[in-house]
Amino acid sequence: MNTKIIKVDPIEPDRSSIALAADIIRKGGTVAFPTETVYGLGADAFNEVATSKIFEAKGRPRDNPLIVHLKGAEQLGLVSFANEKIMKIGKIVWPGPVTLVLPRAHDLPDTVTAGLETVAVRVPAHPVALALIELSGTPIAAPSANLAGKPSPTTAQHVIKDLQGKVDAIIDAGETFFGVESTIVNLTVNTPVLLRPGALGIEELEPIVGKITIPQEARGYSESEIATAPGMKYRHYAPAKKVVLAGNRGIYLKILEKSMECGRPAAICSEEMKPAIDDLGIRNIVIGRESDLYTVARGLFSSLRMLDEIDADFGIAQPFNENGIGLAIMNRLRKASGHTVINLPDELPGALNRQC
Ligand code: TXA
Ligand code: MG
């Protein structure tokens, strides 16, 4: 398949370029496009064949449902049953990085919802995404535009690496704004439940939707047998190389020091931590600044992808505080490490499955 690359300005995208992509969506094709969180791989949400192509391109298991992207809260009725309370919530949080799980409308194909009685919906805040949905004239079903299990794409280059030749078009509008995916809350239960922490912190969401239950899985701790968001049970966000996460900041440098006996480590760390790591002579990938967790979120997935590009045997990641967007960062790091979180340097050989 020949993948068309369409370059546009992220803030004032050329409408005729977006119209090309919209035409592909209308005809049942697949288009990767930027949102304010990460790039998504989109298809017409009401076209069963088109939405099937998303699963094929990504190698995504069919029982993992897609998020439906709308151009505004007024489209909620097309894909879900939304009462006045939900409508009100939608109008506050959207456009923005929040996904609401709602009762589904019945004419949505089962490919999108994986046969569930619910549907995940959001209105993205990216000008390119909004123009694409509008010009396509239909809601767009889109998961993140990465190969299943890999870190989500925050640049068109990431999408090209994973999906070139497997999708009809990729819209390149540079780096996404947040760098981690949307916050997902289930509103079909009495007390809203956090299914995935994301770009909007729950501290900001609770005043809008009320008290939110946070299951341990949503923090990124080990997956339970019965997953609440179907996607949670799969290996996620993981580079090919092994990542070990330090259980606390205080032990990080000691773990790094020990790791030099185990092979060639790469530190996945903050700018603040870098000087001390340089002193140890360990190569490092700086994610962002601890003092501004938004920079960490933005750099997170490219740092994880970078690990596979460089001359290192494994990555040792630093933990961050879990306030605001930090909860999403730690969720992704726990998953990227396959829940390999250690609190003592002596745990490294076991964690890496290496003699050291
Ligand atoms: O920021 C984002 O949310 C990006 C952009 C492209 O919008 N999308 C994204 O999609 O991250 P994806 O497919 O990578 O993650 C969606 C998650 C999956 O874990 C899936 O299982 C869950 O949402 N999900 C979808 N529909 C659901 C439903 N009806 N009930 C519970 N979880 C659902
Ligand atoms: Mg994803």
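In case you missed it, the structure is sitting above this.
Residues numbered from 1 in each chain as written. Chains lettered and ligands numbered in written order. Predicted model: local features only at pLDDT ≥ 70, side-chain atom pairs only at ≥ 80, totals over all residues. Heavy atoms only, no water.

**Some details on the side chain of Asp44**
Formally: By definition, any uninterrupted DSSP run of H or I lasting at least four residues is a helix, any uninterrupted run of E lasting at least two residues is a strand, and each is numbered from the N terminus. Summary of the burial criterion: residues with accessible area below 20% of their type's maximum are buried, those above 50% are exposed, and those between are partly exposed, where the area comes from a 1.4 Å probe applied to protein chains only. Charge convention: Lys and Arg are scored as positive, Asp and Glu as negative, and His as well as the terminal groups of each chain are ignored. Any Lys or Arg side-chain nitrogen located within 4 Å of an Asp or Glu carboxyl oxygen qualifies as a salt bridge. Polar contact is the term for a pair of N or O atoms within 3.5 Å; when the atoms are in protein, one must be able to donate a hydrogen and the other to accept it, and sequence-neighboring residues count only if both atoms are side-chain atoms. Any two residues whose heavy atoms approach within 4.5 Å at even a single point are treated as in contact.
Along the polypeptide, Asp44 turns up in strand β3 (residues 39–44). Despite its burial, Asp44 remains without a salt bridge, the nearest opposite charge being carried by Arg26 at 8.7 Å. A distance of 2.8 Å separates the side chain of Asp44 from the side chain of Thr138, its partner in a polar contact. With sequence-adjacent residues up to four places away left out, Asp44 is seen in contact with Ile25, Thr51, Thr138 and Pro139.

**Focus on unusual backbone geometry**
Where the residue is not glycine, phi is negative for most of them; where a peptide bond is considered, it is trans in most cases. Here the residue pair Trp94 and Pro95 is connected by a cis peptide bond, since its omega of -5 degrees sits within 30 degrees of zero. With respect to the element layout, Pro95 can be found in the loop between α4 (84–93) and β5 (98–103). Of note in the backbone geometry, Ala114 takes a positive phi value of approximately 55 degrees without being a glycine. Looking at the element boundaries, Ala114 is found in the loop between α5 (110–113) and β6 (118–122). Positive phi, normally seen in glycine, also occurs at Asn353, with a value near 55 degrees. By secondary structure assignment, the location of Asn353 is in the segment after α14 (348–352).

**Things to note about the nonpolar core**
Heads up, the condition is: What we call a nonpolar core is a set of buried Ala, Val, Leu, Ile, Met, Phe, Trp, Tyr and Cys residues that are connected through their side-chain atoms within 4.5 Å.
Membership of the largest hydrophobic core comes to 63 residues, with the highest contact counts inside it found for Trp94, Val121 and Leu132. In contact with Val121, not counting residues within four places along its chain, are Ile67, Val68, Leu70, Leu76, Val79, Trp94, Val98, Thr99, Leu100 and Leu102.

**Describing the packing of helix α1 (residues 15–26) against helix α6 (residues 127–136)**
As a reminder of what qualifies: Where helices are involved, their axes are fitted lines through C-alpha atoms of the stretch in contact, as for all axes, and angles between N-to-C directions lie from 0 to 180°. Here the word oblique covers every angle except those under 35 degrees (roughly parallel), over 145 (roughly antiparallel) and from 65 to 115 (roughly perpendicular). Each crossing gets its handedness from the near helix: less than a right angle anticlockwise from the far helix is left-handed, clockwise is right-handed.
Look at α1 against α6: their axes get within 8 Å of each other, and the N-to-C directions meet at 55 degrees. Between α1 and α6, the angle is such that the two are oblique. Crossing geometry of α1 relative to α6 is assigned as right-handed. From α1, Arg15, Ile18, Ala19, Ala21, Ala22, Ile25 and Arg26 reach across to α6, where they touch Val128, Ala131, Leu132, Glu134, Leu135 and Ser136.

**Details of the environment of Gly137**
Mapped onto the elements of the fold, Gly137 is located in the loop between α6 and β7 (140–141). Through-space distance from the C-alpha of Gly137 to that of Asp23 is 9.8 Å; in sequence the pair is 114 residues apart.

**Brief notes about the state of the cysteines**
Heads up, the rule is: The disulfide criterion is simple: two cysteine sulfur atoms within 2.5 Å.
A complete count under the given rule lists one disulfide for this structure. For Cys262, the disulfide goes to Cys356, at an S-S distance of 2.2 Å. Note on the Cys262 and Cys356 pair: the S-S dihedral is about 85 degrees, so by sign convention the disulfide is right-handed. Taken together, the positions of Cys262 in the loop between α10 (252–259) and β12 (265–270) and Cys356 in the segment after α14 put the pair 94 residues apart, joining distant regions of the chain.

**Examining the pairing of strand β13 (residues 284–288)**
Spelled out, the test is: Any two strands between which DSSP finds at least two bridges are classified as paired. Viewed with both strands pointing away, a crossover whose connecting path from the first strand over the helix to the second turns clockwise is right-handed.
Burial runs high along β13: four of the five residues are buried. Bridge count for β12 against β13 is four bridges, and the pairing is parallel. If you follow Ile268 over to β13, its bridge partner there is Ile285. Handedness of the crossover joining β12 and β13 through helix α11 (residues 274–280) is recorded here as right-handed.

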